[in-house]
Structures are given as C-alpha cells and as structure tokens.
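# Secondary and tertiary structure notes
Residue strings, one per chain:
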Amino acid sequence: MIVLGIETSCDETGLAVYDSNAGLRAEALYSQVELHADYGGVVPELASRDHIRKILPLTREVLKQAGISPAQLDGVAYTSGPGLMGALLVGAAFGRTLAWALQKPGVEVHHMEAHLLAPMLDAAQQPPLPFLALLVSGGHTQLFRVDDLGVYTLLGESVDDAAGEAFDKTAKMLGLGYPGGPAVAASAAAGSAGRFRFPRPMTDRPGLDFSFSGLKTYTLNTVTRHTPLQPQDVADICLAFEEAVVDTLFIKCRRAVQETGIKHLVMAGGVSANRKLRQQLAEQLDARVYYAPNHLCTDNGAMIAYAGALRLAAGQHAPLAINTRPRWPMMELPPLQQTAP
Ligand code: KG4
Ligand code: ZN
C-alpha cells in the first residue's frame, strides 16, 4: 500500500510517500520559520497562505523522488486536526480533492496520533502493548496510556501552556528567536550549573497533570531582576529553565511508570528532540524509552503518511466532506486494529 501524507497543521508544509512494503520512499519539508521570525511566533493567516504556495510543488517533488505517478497511490492522508484552522483547511482541502480526483480513499489523520506513531516508522522501535506515551509539542503536553493502537486513555495533561510553548516564550523573552526549543537548548549548553534553580511545577502534589505558565512568570521575574542581561546571564537562565522543564517531565513519567507498572514509554512531538530530556529519561527512568530521529520528532509529512497507512489498512477512510477539527481529543479516535498495512 502506497500512501501520500500531507501535513499543514501549523508552520511546516510536510509531504511524504510511505510504502507499507518498502517504508518511507520520499520526504519533503518546507519550514516557514523565517516567515514568522519577526513576529516571535506563528501568524496563522501568513501560515495558511504559505501552505497554499508550497503544497503543490512539494507534492510533485515527493512523487518524483518516490518514482511514482499519482495514479499509483493507494490513498491520500492529510492532517485533519488539531491545529490552526486556516492551515488545516489548506491540507485537508488539497488532500481530499486530490484523493477524489484520483478516485482513491482519503484519510483524516489526527496530528498527535501521528506524532505518537512516528517512532514506529523504525522497525527497531516497536513498543509492546500496553505502553505509555508522553506527547510534548508546541501545542500539547499529554501523558497517555495506550492499550492498543487507537485506544488512548489520557492520564494527565497541561492545565495551561504546553512545554514547547514555554520554550518558545522563554526564547522570546531572551531575544533568542523562534522556534525557541532548539535556541534555548543551544544557549543552555554554555550555562553554569547551579546558579539558578527554577521550580518544578505541580510535582509536589499527586496526579499526572502539568503546568508551565508559572514557570514562564518565574523566568520573566528572573530576567527582570538581572536586566541588562549579559550573554552569561542568558545562558544561565536557559539552563535553569531547561532543567526545570526536563525534570518536571521526568518526574511525571516516573510517577506514571510507578502507578501503572508499565515499563515502555514512547516520547513524541517537537520537545522529544531535546537532548537533555532524552538523556535523563534514558538514565533515570525505570522503563525503555522510544523516540523518533530528530527530523521526525517535529512536524513532518512522513508521520501523517504512516498513520494514514495504518488507518487505511484498518479499513478506515474519510467521507467526501472536507473536515477539519482545530480541537480534537485523541480519545475520540476509533480503535486501530493492529493489522500490518
Ligand atoms: O511537534 P512540533 O513540531 O509542533 C507542534 O505540533 O506543536 O513541536 C514544536 C515545538 C516548538 O515549541 C519547539 O520550540 C519545540 O517543539 N522544540 C524543542 C526542541 N526542538 C523543538 N523544545 C526543546 N528542545 C528541542 N531540542
Ligand atoms: Zn506537531
């Protein structure tokens, strides 16, 4: 089965061709980072317009790379949600229409489920069921129990900002640009350990929910107290912030492992590219941790093509309507039988 995957939920236009026999055959990604850089965050209207400009050339590019004609596709998968409404509409309208024109099934993909499945694109990264999943991106911070693919139980989530959003806002405060995660992590590498210690929010009470907005305020207060900032101050603040986020995520994962007795954890979404987070989980969590290579942690078309292929193999496809769901709880998804695509 050969599936085209289309991702346009935020600021990356991602296209890919996944083949259930041969694996990933082609990938293309256009990042709008420079377009939004002056604004310190994604401007939804600019994002939609740029997806429109890039979607067709990138589709042609991946089909060429894969060495196939559109007629050889068995389905077209596109992100239906969650994400920015206008940005989602571009991919969903294009994907649904292309599928209709080719007389092939269209598949609506849940962006966060696609993140969760991305590590499994690698045959060596197949967690046994049940497993835990930590989804950490720019819009979500969630812990799930996964009893079967498609069967998700929410164990905890952020009651305010997502972890990635906190990285982005911290970077903005410190003038480090967008996206903030990689910039804060790079600056933190020059930080002096122990100069600042930031709080680990909501770790002193039971439960698996997260909160990152207080940490943002704490960072802002530290910045204000030390302004004008020297480069070393910026690095020290970045290090303290990064350590606080990583430690908070680790503490909640450890608690989830202890409470459920499940010793396999999939970590996915942009923040799962963070080196310190990977290191702390690998060294200190009493569970095996699975994650995707960096370019498949952040938004991409490959994870959409893969999730779409699994849903298609389970006999699921989209109605003719172009549906988008900016908010879409993952627990509303139908189960995904584990038949190989
Ligand atoms: O999954 P993703 O590409 O998009 C969403 O679905 O939101 O995640 C983007 C987020 C951004 O907030 C970005 O700052 C963060 O992931 N991020 C990182 C790193 N790389 C990306 N955060 C921390 N460390 C990183 N190395
Ligand atoms: Zn994402």
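First, a word on scope: everything that follows refers to the structure included in this document.

### A closer look at the overall build of the chain
Scanning the chain from N- to C-terminus turns up eleven helices and ten strands. Relative to the 2.2 N^0.38 estimate, which gives 20 Å for 341 residues, the radius of gyration of the chain is 20 Å and therefore close to what a compact globule would have. Taken over 341 residues, the chain has a buried fraction of 54%. Across the chain, contacts joining residues at least 24 apart in sequence account for 72% of those joining residues at least 6 apart. When the accessible area of the chain is evaluated, it comes to approximately 14100 Å², of which 54% is carbon and sulfur surface.

### Observations concerning helix 2 (residues 44–66)
Between its first and last C-alpha, helix 2 extends 31 Å over 23 residues, near the 33 Å set by a 1.5 Å rise per residue. The principal kink in helix 2, of about 35°, is found at Lys54, preceding the proline Pro57 by one to four residues. Tucked into the core, helix 2 has its buried residues touching strand 1 (2–7), strand 2 (12–19), strand 3 (23–31), helix 1 (33–37) and helix 3 (85–102). At the C-terminal side of helix 2, Gly67 shows a positive phi close to 70°.

### Notes on the pattern of salt bridges
In this structure the tally under the stated criterion is 14 salt bridges. Between Arg145 and Asp147 there is a salt bridge, with the nearest N and O atoms lying 3.0 Å from each other. As a salt-bridge pair, Asp161 and Lys216 come within 3.0 Å of each other at their nearest N and O atoms. One end of the pair, Asp161, is in the loop between strand 8 (151–157) and helix 5 (163–173); the other, Lys216, is in helix 7 (residues 213–226), with 55 residues separating them in the sequence. Sharing partners across several salt bridges, the network here consists of Asp161, Glu165, Lys169 and Lys216.

### A closer look at helix 5
If you check which residues of helix 5 are buried, you get Ala163, Gly164, Ala166, Phe167, Asp168, Thr170 and Ala171. On the buried face of helix 5, the contacting elements are strand 6 (131–136), strand 7 (141–148), helix 6 (180–188), helix 7 and helix 8 (231–260). Taken from the residues just after helix 5, Gly175 is the one with a positive phi, measuring 70°.

### Section: the coordination of the zinc ion (ligand 2)
Here the zinc ion (ligand 2) is held by the protein donor atoms His111 (NE2), His115 (NE2) and Asp299 (OD), which lie 2.0 to 2.1 Å from it. Ordering the donors of the zinc ion (ligand 2) by residue number gives the pattern H-x3-H-x183-D. Note that His115 is positioned in helix 4 (residues 111–117) and Asp299 in the loop between helix 10 (294–297) and helix 11 (301–313), a separation of 184 residues in sequence. The two residues His115 and Asp299 agree in class, both being buried.

### Details of unusual backbone geometry
Geometrically, the link from Tyr178 to Pro179 is a cis peptide bond, its omega value of -5° lying close to zero. Counting through the fold element by element, Pro179 comes out in the loop between helix 5 and helix 6. Following Thr227, the chain continues into Pro228 via a peptide bond in cis, with omega recorded as 0°. Secondary-structure assignment places Pro228 in the loop between helix 7 and helix 8. The phi angle at Gln103 is positive, at roughly 60°, despite the residue not being glycine.

### Considering the site of ligand 1
The environment of ligand 1 is formed by 20 residues, the closest being Gly138, Asp168, Gly181, Gly270 and Asp299. Contact between ligand 1 and Gly139: an oxygen atom at 3.4 Å from a main-chain N or O atom of the residue. With respect to ligand 1, the backbone of Gly164 contributes an N or O atom lying 3.1 Å from an oxygen atom. Protein chains shield 89% of the accessible area of ligand 1, which is 560 Å² for the free molecule. Elements with a minimum of two residues in the shell around ligand 1: helix 4, helix 5 and helix 6. A breakdown of the residues in the shell around ligand 1 according to their chemical character gives six nonpolar, twelve polar and two charged.

About the cut-offs
- Residues numbered from 1 in each chain as written.
- Chains lettered and ligands numbered in written order.
- Predicted model: local features only at pLDDT ≥ 70, side-chain atom pairs only at ≥ 80, totals over all residues.
- Heavy atoms only, no water.
- Helix = DSSP H or I, 4+ residues; strand = E, 2+ residues; numbered from the N terminus.
- Rg over C-alpha atoms; globule rule 2.2 N^0.38 Å.
- Buried < 20%, exposed > 50% of the residue type's maximum accessible area, 1.4 Å probe, protein only.
- Contact = heavy atoms within 4.5 Å.
- Areas by Shrake-Rupley, 256 points an atom, 1.4 Å probe, with all protein chains shown as cover.
- Expected span 1.5 Å × (residues − 1).
- Bend = angle between axes of the 7 residues up to and from the residue.
- Salt bridge = Lys/Arg side-chain N within 4 Å of Asp/Glu carboxyl O.
- Donors = N, O, S within 2.8 Å, 3.2 Å for Na, K, Ca; no water.
- Near = heavy atom within 4 Å.
- Polar contact = N/O pair within 3.5 Å; in protein donor to acceptor, adjacent residues only side chain to side chain.
- Nonpolar A, V, L, I, M, F, W, Y, C, P; charged D, E, K, R; others polar.

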